[in-house]
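Residues per chain, in single letters:
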Amino acid sequence: QQSNGYRWPYGPVAIITPFNFPLEIPVLQLMGSLYMGNKPVLKPTEKVSMVMEQFLHLLHHCGMPKEDVDFLNCQGPVAEHLIMNSPIKLTQFTGSSRVAELLLEKTRGKVRIEDAGFDWKILGPDVSDIDYIAWQCDQDAYATSGQKCSAQSILFVHDNWAKAGLLDKIKANAAKRSLDDLTIGPVLTHTTRNMLEHTERLLKIPGSSLLFGGVELEKHEIPDCYGAIQPTAVFVPLNEMLKEENFGVCTTELFAPFQVVTAYDDGSVDSVLDACERMSHHLTAAVVSNDIKFQTKILANTVNGTTYAGMRARTTGAPQNHWFGPANDCRGAGIGTPEAIKLVW
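We now turn to the structure provided with this report. (Residues numbered from 1 in each chain as written. Predicted model: local features only at pLDDT ≥ 70, side-chain atom pairs only at ≥ 80, totals over all residues. Heavy atoms only, no water.)

Another point: the sheet that holds strand β8 (residues 209–212). Spatial ordering of the open sheet is given by β8-β9-β10-β7-β6-β11-β12, a layout of seven strands whose pairing is mixed. The open sheet terminates on both sides in strands that have one partner only, identified here as β8 and β12 (306–309). Strand-to-strand twist across the sheet, computed as the mean angle between neighbouring axes with direction ignored, equals 20 degrees. Bridging between strand β6 (residues 119–123) and strand β11 (residues 284–288) involves four bridges; their strand directions are parallel. Within β11, the residue paired with Ile122 across the bridge is Val287. Docked against the sheet, helix α7 (residues 166–175) engages β6, β7 (152–158), β8 and β10 (258–264), running at close to 60 degrees with respect to β8. Against the sheet, helix α12 (residues 292–300) touches β6, β10, β11 and β12, its axis set at about 160 degrees to β11. (Pairing = 2+ DSSP bridges. Helix = DSSP H or I, 4+ residues; strand = E, 2+ residues; numbered from the N terminus. Axes fitted to C-alpha atoms, helices over the stretch in contact; angles between N-to-C directions. Contact = heavy atoms within 4.5 Å.)

Right, here's the structure in full:
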């Protein structure tokens, strides 16, 4: 007796991609789908659909038959109608958790999701290379105005880093961001009012304080339907954040230049771990430490799609170099790697 396992393509599939990576994410998922023998219909976000339209022209020029990919330039309701009224076997979706849950319900689970992440970074007890760490924290939280699913959403700062002046250095780096050089820019999925109201909700938590930001950008011409705020950080005490009535608002993701900051000491590491594992989305994370014992404790007790570890750990990175997708969710889709292509397509 011999047992052999084979993988077969689904056939008709749909790919729905976000605005913040208008080329990389749709190309990686589209090509993986094609390599495995599927017939995809590609629906990028309408705000940036021209990018993939031109990429398809490039593929046609390089010899890809025009019948291999269908292109859908539309808003969500039209895409939903197509998915629900066509023989599509699988939809791969990258975007917000709200839309992911809607698609999962509508398709009865026939979706692979790479959705939003509330991504944490833990600064361990060993302080080193403080200027670089401050720069990387600023980049992870505020580059591209925080509009990356791997952006740093919450920062756990060991007291040793706080005493060394790290937060002041992060504040100084954030203050250099400007519309003039596009190091800060419009937020496409939240209004200014929405972001400032969220800031106020956090500041109502006992012991909370505004570290920096929390105000609208000056001298901008960004329409009211979008957001325009300075890079913002709100400090929330760890013991208050862990309370049931506060945890939800503290771990609500804003796809914006915004982060929550909290502090801990050697005696509260388990509370940090409790907070990390209570968060609902486990996409990327970072353990900034060269202390092997500390690294091991964090890594052994947390689950993420990608966890960077070491003194130069970050939350953002290049998905083509490694597995990139949520963890601890059977519906999760990866991007780009051979493992991800086989899992999804």
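Still to come is the rest of the account.
Our focus in this paragraph is the sheet that holds strand β4 (residues 90–95). With respect to topology, five strands assemble into an open sheet ordered β3-β2-β1-β4-β5, the strand pairing being parallel. On the outer flanks of this sheet lie β3 (70–71) and β5 (111–115), each paired with one strand and no other. Relative to strand β2 (residues 39–44), strand β1 (residues 12–17) is paired through six bridges, and the arrangement is parallel. Considered in β2, the bridge of Thr17 is made with Pro44. Its contacts with the sheet place helix α1 (residues 24–35) against β1, β2, β4 and β5, and it is angled at close to 170 degrees to β1. The sheet strands contacting helix α4 (residues 97–106) are β1, β4 and β5, and the helix crosses β5 at an angle near 170 degrees.

Another point: the state of the cysteines. Per the stated rule, a full pass over the model turns up zero disulfides. Cys137 takes part in no disulfide bond, and the closest cysteine sulfur, belonging to Cys276, lies 14 Å away. Counting only cysteine sulfurs, Cys276 is the nearest neighbor of Cys149, a cysteine outside any disulfide, at a range of 18 Å. According to the relative accessible area criterion, Cys149 is buried, its value standing at 9%. (Disulfide = S-S within 2.5 Å. Buried < 20%, exposed > 50% of the residue type's maximum accessible area, 1.4 Å probe, protein only.)

What follows is about the packing of aromatic side chains. Under the definition given, this model contains three aromatic pairs. Between Phe19 and Phe255, the ring centres sit 6.1 Å apart and the planes meet at 90 degrees, which makes this aromatic pair edge-to-face. Placement of Phe19 in the loop between β1 and α1 and of Phe255 in the loop between α10 (244–250) and β10 is noted, with a sequence separation of 236 residues between them. An identical accessibility class is assigned to Phe19 and Phe255; each is buried. (Phe/Tyr/Trp six-rings, centres within 6.5 Å; stacked < 30°, edge-to-face > 60°.)

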